[in-house]
2 protein chains.
Amino acid sequence: MPAGLETSVRVILVRTRNPLNIGAVARAMSNFGFLHLRVVRPYEVAFREARSAVGAAEVLARAEKFNTVAEAVADCTLVVGTTAVRQRELHHSIRRLDEAEGRDLITSQAGPVALLFGSEKVGLSNHDLTYCHWLLRVPTCEANISMNLGQAVAVCLYELVRNPNMQSEPQRVEAVRAQAKDLDRLTTVLTEALLSSGYTTAEALPSSEEKVRRLMRRLNLSAADCELLLGMLRQIVRMRGAT
Amino acid sequence: MPAGLETSVRVILVRTRNPLNIGAVARAMSNFGFLHLRVVRPYEVAFREARSAVGAAEVLARAEKFNTVAEAVADCTLVVGTTAVRQRELHHSIRRLDEAEGRDLITSQAGPVALLFGSEKVGLSNHDLTYCHWLLRVPTCEANISMNLGQAVAVCLYELVRNPNMQSEPQRVEAVRAQAKDLDRLTTVLTEALLSSGYTTAEALPSSEEKVRRLMRRLNLSAADCELLLGMLRQIVRMRGAT
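Undergrad: Quick rundown of the overall build of chain A? Include the residues and the values.
TA: A count of helical and extended segments in chain A gives 11 helices and seven strands. Across the 243 residues that make up chain A, the buried fraction comes to 42%. For chain A, restricting intrachain contacts to residue pairs at least 6 apart in sequence, the fraction spanning at least 24 positions comes to 84%.

Structure representation (structure tokens):
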């Protein structure tokens with residue numbers, strides 16, 4: 001994760017209703033190392049229940065509650081709203097989550113950054129959006145653009161901690177690969193051969209079979225090679241039976 | 001999304017217990033355009049409840065049920081297991097989700113690809129893992145490596161549909177940016193000036209204030225420029241009061 005991101009980002013939930021969602025947001029923050037959760041006018045019961053739930057205890061225990069979006073973002077130098085909608089608010093520019101520009105604006109901020117997430121039903125209001133510098137959109141499909149809150153937060157935070165330096169050159173896999181059922185045929189024939197040949201015993205058979213199954217995956221077989229091996233193996237078994 | 005990915009990928013849930021998680025997985029699949037959900041030995045009640053839940057109806061209606069991992073992956077040419085653990089299974093290589101190599105292996109497969117997700121409590125068993133060619137790990141923190149199932153699926157699918165071509169050159173923001181509370185001071189002073197000057201009326205004040213608040217965000221002010229503007233504006237208001 002870029003240095004300081006875990007302390008600079010404030011995840012701000014506005015009018016969240018479902019305690020499971022608040023808990024899920026805290027868990028995702030904890031998974032990706034983010035510390036600062038703020039809630040604005042949560043449904044009180046939901047917030048209380050979420051605080052008493054197991055897991056992600058630290059993030060929830062530290063969570064701060066505010067009455068207005070203005071107060072919740074007061075110390076931030078960049079306020080980014082999240083939206084499922086493509087062109088709801090012509091007053092703001094919208095960046096896709098996977099655009100480097102938006103991520104770089106967030107990760108290069110020296111001051112605190114607010115990431116605003118609206119309520120489950122209606123998202124952020126037009127009033128909430130007036131506090132935002134720009135909007136962030138997860139690239140979902142037209143057919144179902146609206147994400148579950150906990151999943152939306154998880155995806156946004158993952159994008160921020162992604163390490164683009166882990167990327168290497170694309171590696172092409174051209175040959176038609178063997179299907180799992182073909183690998184299993186090979187596994188079965190070879191395991192049976194190991195048993196009948198005395199290489200393994202009936203007791204050790206399950207563990208031998210697992211070893212063989214893993215071996216078949218490591219071989220990284222093409223469909224053609226898998227067929228080839230199977231034919232060879234079957235022939236060998238047949239010959240042994242004939243002797 | 002790379003062509004064909006929505007039909008080539010099978011999301012396979014092994015021994016899932018919680019109906020909310022099955023529903024959340026289906027919703028994330030629907031958000032990112034994936035069609036094929038398979039469940040292996042789900043807790044029956046969970047699967048039934050998930051199917052009857054609202055939203056993501058198509059993915060759940062099409063979901064296929066299997067008794068074994070072997071049957072669920074039988075038609076796949078690449079089987080990728082997901083794991084939170086770093087070095088549990090020395091038999092497999094582990095790739096980080098944000099490594100290009102793993103993503104490219106998945107997206108360039110001509111045949112069907114299985115993405116396996118284990119149960120909420122214990123993940124995939126060693127037996128399940130023997131069906132996998134390699135393992136995928138979401139880069140979570142040491143302090144809390146284990147993700148919620150629905151969130152883990154959402155993050156993995158997001159990585160697959162991410163469009164790296166959306167990335168542009170990093171854009172650096174060097175100046176210290178204005179805090180939201182400073183922008184609000186400016187908004188307040190300017191709005192009051194607009195009212196007292198007759199530019200707006202008491203009735204129209206809320207909508208004028210929102211327009212001003214948005215304007216202040218669009219200006220993309222540094223902290224210094226914000227102070228400068230505030231000083232100028234205050235001086236103007238003071239002079240008007242004196243005339």
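Undergrad: I'd love a proper account of the sheet that holds strand S1 (residues 9-14) of chain A, names of residues and values included.
TA: Hydrogen bonds between backbone atoms are what pair the strands of a sheet, whose relative direction is either parallel or antiparallel. Residue and element names in this part refer to chain A. A sheet is described by the order of its strands in space; here seven strands give the open sequence S3-S2-S1-S6-S4-S7-S5, paired in parallel fashion. Every interior strand has two partners, whereas the edge strands, strand S3 (64-66) and strand S5 (94-96), have only one. For this sheet the average axis-to-axis angle between neighbouring strands, irrespective of direction, equals 30°. Alignment of strand S4 (residues 78-82) against strand S6 (residues 113-117), held across four bridges, turns out to be parallel. When the sheet's bridge partners are listed, Val79 is paired in S6 with Ala114. Sitting on the sheet, helix H2 (residues 19-32) is in contact with S1 and strand S2 (36-40), with an inclination near 170° to S1.

Undergrad: Describe in detail the pairing of strand S6 (residues 113-117) of chain B, supporting the description with residues and values.
TA: Residue and element names in this part refer to chain B. The buried fraction of S6 amounts to five of the five residues, a majority that puts the element mostly inside the structure. The two faces of S6 match: Val113, Leu115 and Phe117 on one face and Ala114 and Leu116 on the other face are all buried. By the bridge criterion, five bridges tie strand S1 (residues 9-14) to S6 in an arrangement that is parallel. Across the sheet, residue Ile12 finds its bridge partner in S6, namely Leu116.

Undergrad: Could you give an account of the environment of Leu13(B), naming the residues involved and the relevant values?
TA: All names here are of chain B. With respect to the helices and strands, the residue Leu13 is situated in strand S1. Overall, the presence of 28 C-beta atoms within 10 Å leaves Leu13 in the buried class. With 203 residues separating them along the chain, Leu13 and Met216 place their C-alpha atoms 48 Å apart. Those residues within four positions of Leu13 in sequence are excluded, and the remaining contacts are Ile22, Val25, Val39, Val40, Pro42 and Phe117.

Undergrad: Break down the pairing of S2(A) for me, with residues and values.
TA: All names here are of chain A. Counting buried positions along S2 yields four of five residues, so the element is predominantly enclosed. Judged from the five bridges that link them, S1 and S2 form a sheet pairing that is parallel. Residue pairing across strands places Arg10 opposite His36, the latter belonging to S2. Taken together, S1, H2 and S2 form a β-α-β motif whose crossover is right-handed. Both S2 and S3 contribute to a ladder of three bridges, which runs parallel. Opposite Val40, over in S3, you have Phe66 as the bridge partner.

Undergrad: Quick one: what's the story with the environment of His133(B), residue by residue and with numbers?
TA: Checked against the element boundaries, His133(B) lands in the loop between helix H7 (126-129) and strand S7 (134-137). Residues His133(B) and His92(B) lie 41 residues apart in sequence; the distance between their C-alpha atoms is 7.2 Å. If we skip the residues at most four places from it in the chain, His133(B) touches Arg217(A), Leu78(B), Val79(B) and Val80(B).

Undergrad: Residues and numbers for the nonpolar core, please.
TA: Core analysis: the biggest nonpolar cluster contains 122 residues, and Ile12(A), Val25(A), Leu157(A), Ile12(B), Val25(B) and Leu157(B) have the highest contact counts within it. Every residue in contact with Ile12(A), bar those within four places of it in the chain, is listed here: Arg38(A), Val40(A), Ala72(A), Val73(A), Ala114(A), Leu115(A), Leu116(A) and Phe117(A).

Conventions we followed
- Numbers given for residues are sequential positions, taken from 1 along each chain in its written order.
- Naming scheme: in the order in which they are written, chains are lettered from A and ligands are numbered from 1.
- This being a predicted model, a pLDDT of at least 70 is required before a residue's local features are given, and a value of 80 or more before pairs of side-chain atoms are given or counted; all residues contribute to the totals for chains, interfaces and linings.
- Strands are runs of DSSP state E lasting at least 2 residues, helices are runs of H or I lasting at least 4, and numbering of each runs from the N terminus.
- Here a residue counts as buried when 20 or more other C-beta atoms sit within 10 Å of its C-beta, as exposed when there are 12 or fewer, and as partly exposed otherwise, the C-beta atoms being derived from the backbone.
- Any residue pair is listed as a contact if its two C-beta atoms, each placed from the backbone, are within 7 Å.
- Pairing between two strands requires that DSSP report at least two bridges joining them.
- To obtain each axis, a line is fitted to C-alpha atoms, and for helices this fit is confined to the stretch in contact; angles are then taken between N-to-C directions over 0 to 180 degrees.
- If you view a crossover with the strands going away from you and the path from the first strand over the helix to the second runs clockwise, you call it right-handed.
- Throughout this description, the term nonpolar core refers to a group of buried Ala, Val, Leu, Ile, Met, Phe, Trp, Tyr and Cys residues whose C-beta atoms join them within 7 Å.

The analysis is restricted to geometry; functional conclusions fall outside its scope.
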